[in-house]
Amino acid sequence: MAFPANRLRRLRRTETLRTLVRETRLTPESLVYPLFICPGSGIRKEVRSMPGVFNLSVDEAVKEVRETRALGVLSVILFGLPEKKDEVATGAWAEDGIVQRAARAIKNEVRDVVIMGDVCLCEYMSHGHCGIVKATAQSLGAAAAAPPATAEFEIVNDASLELLARTSVSLARAGVDIIAPSDMMDGRVGAIRAALDKAGFENTPILSYAAKFSSGFYGPFREAADSAPQFGDRRSYQMDPANVREAMREIELDIEEGADMIMVKPAMPYLDVIAAARDRFDLPLAAYQVSGEYAMIEAAARNQWIDRERVMMESLLCIRRAGASMILTYYAKEAAKLLG
Ligand code: PBG
């Protein structure tokens, strides 16, 4: 039956009515807070392209986690800025690596918080790639000084798996509750699962960045984590932004390899991928509202072109509506304050 019997505006009349019929709700429990841990103590260094986001030393990170947990956010995800970078990502898997130290300190001092550990090598590699780099035949004879062109190097898949597995075990030992690989090497979920099981961590879940796209929206993160590749780009391992069917294959394979939770990243430009994944898979589904999404909102708000709080909350709500059960977002703490 049509108008005038039907009037959809009847249920929009008051905030109480609107709240009663709201289909999607945002809660602090569904937000995960990313933190960038740096060496030193007493350090809170703002990231230039991400106002309100900081590089935090371990002691400051503990404070930040305590405050955020008190606001109802259950989980944080840790990224590390190591003292030194090299060609085998030592800082990623070292027993006293920066994330390992942070995880231990947080576990000691904050009760009942779920610590996720981002597993990737790019922050710890001198070249900034997510796996081991090998010069290909063409470049071997070339002048050593010049940085290799795209065709002249390769990010080797299988050899990188061992380092990712080693990193995962080391993080689990340090008290990380959920292992979250973001490297996009083929087979890494299986390799990490096997290594965790062998080390006695069969109860540690894996949240796979299953559909991670090669995105310009990661720009500010690479400044925050100091992880921009020194040559080439990530297109030979991260996904082509054009592909949603391939995203379903990536997710399916990760589930077969033992992923307990899956992720789509970035979030807002990929809401269709989130919706497709929600429709097709029954695992908990995370979405990452990435650094560029955050930076765009902040920049527009600073120009007074948009209402910051309104757009922040709307962006998060819409990512939930698309089907994400949880959202990794730099707004976690602030959104939780507004929701509380
Ligand atoms: C590591 C990693 C990246 C992000 C999360 N894990 C960067 C990248 O792939 O370049 C991006 C997060 C963000 O932009 O907020 N590989």
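Here we summarise the structure given alongside this text. (Residues numbered from 1 in each chain as written. Predicted model: local features only at pLDDT ≥ 70, side-chain atom pairs only at ≥ 80, totals over all residues. Heavy atoms only, no water.)

We now examine empty space enclosed by the protein. Unfilled space is identified by rolling a water-sized probe across the atoms. Per the counting criterion, the structure on display carries two cavities of 30 Å³ or more. Volume-wise, the largest cavity comes out at about 140 Å³. Taken together, 19 residues line the largest cavity, and the ones lying closest to its centre are Lys212, Tyr218, Phe221, Arg222 and Lys265. Of the residues contributing to the lining of the largest cavity, the split by class is nine nonpolar, four polar and six charged. Lining the second largest cavity we find Leu78, Ala92, Val99, Gln100, Asp118, Cys120, Tyr124, Thr167 and Leu171. Mapped by element, the contributors of at least two residues to the lining of the second largest cavity are helix 4 (98-109) and helix 6 (157-173). Looking at the lining of the second largest cavity residue by residue, the class counts come to six nonpolar, two polar and one charged. (1 Å grid on protein atoms, 1.4 Å probe; cavity = no way out; pocket = protein on both sides within 12 Å on 5 of 7 lines; lining within 4 Å. Points joined across faces, edges and corners; volume = space filled by probe spheres on them. Nonpolar A, V, L, I, M, F, W, Y, C, P; charged D, E, K, R; others polar. Helix = DSSP H or I, 4+ residues; strand = E, 2+ residues; numbered from the N terminus.)

Below, the discussion takes up the pattern of salt bridges. Applying the stated criterion across every chain yields a total of 23 salt bridges. A salt bridge links Glu109 to Arg66, with the nearest nitrogen and oxygen atoms 3.4 Å apart. Here Glu109, found in helix 4, pairs with Arg66, found in helix 2 (residues 58-70); they are 43 residues apart in sequence, far enough to count as distant. What makes Glu109 partly exposed here is its relative accessible area of 48%. Among the charged side chains, a network of salt bridges with common partners joins Arg44, Glu60, Lys63, Glu64, Glu67 and Lys333. (Salt bridge = Lys/Arg side-chain N within 4 Å of Asp/Glu carboxyl O. Buried < 20%, exposed > 50% of the residue type's maximum accessible area, 1.4 Å probe, protein only.)

The next subject is the environment of Leu31. Within the element layout of this structure, Leu31 appears in strand 1 (residues 31-38). For the pair Leu31 and Ile327, spaced 296 residues apart in the sequence, the C-alpha separation amounts to 5.0 Å. Sequence-distant contacts of Leu31, defined by excluding residues within four places in its chain, comprise Val73, Leu74, Ser75, Ile327, Thr329, Ala332, Ala335 and Ala336. (Contact = heavy atoms within 4.5 Å.)

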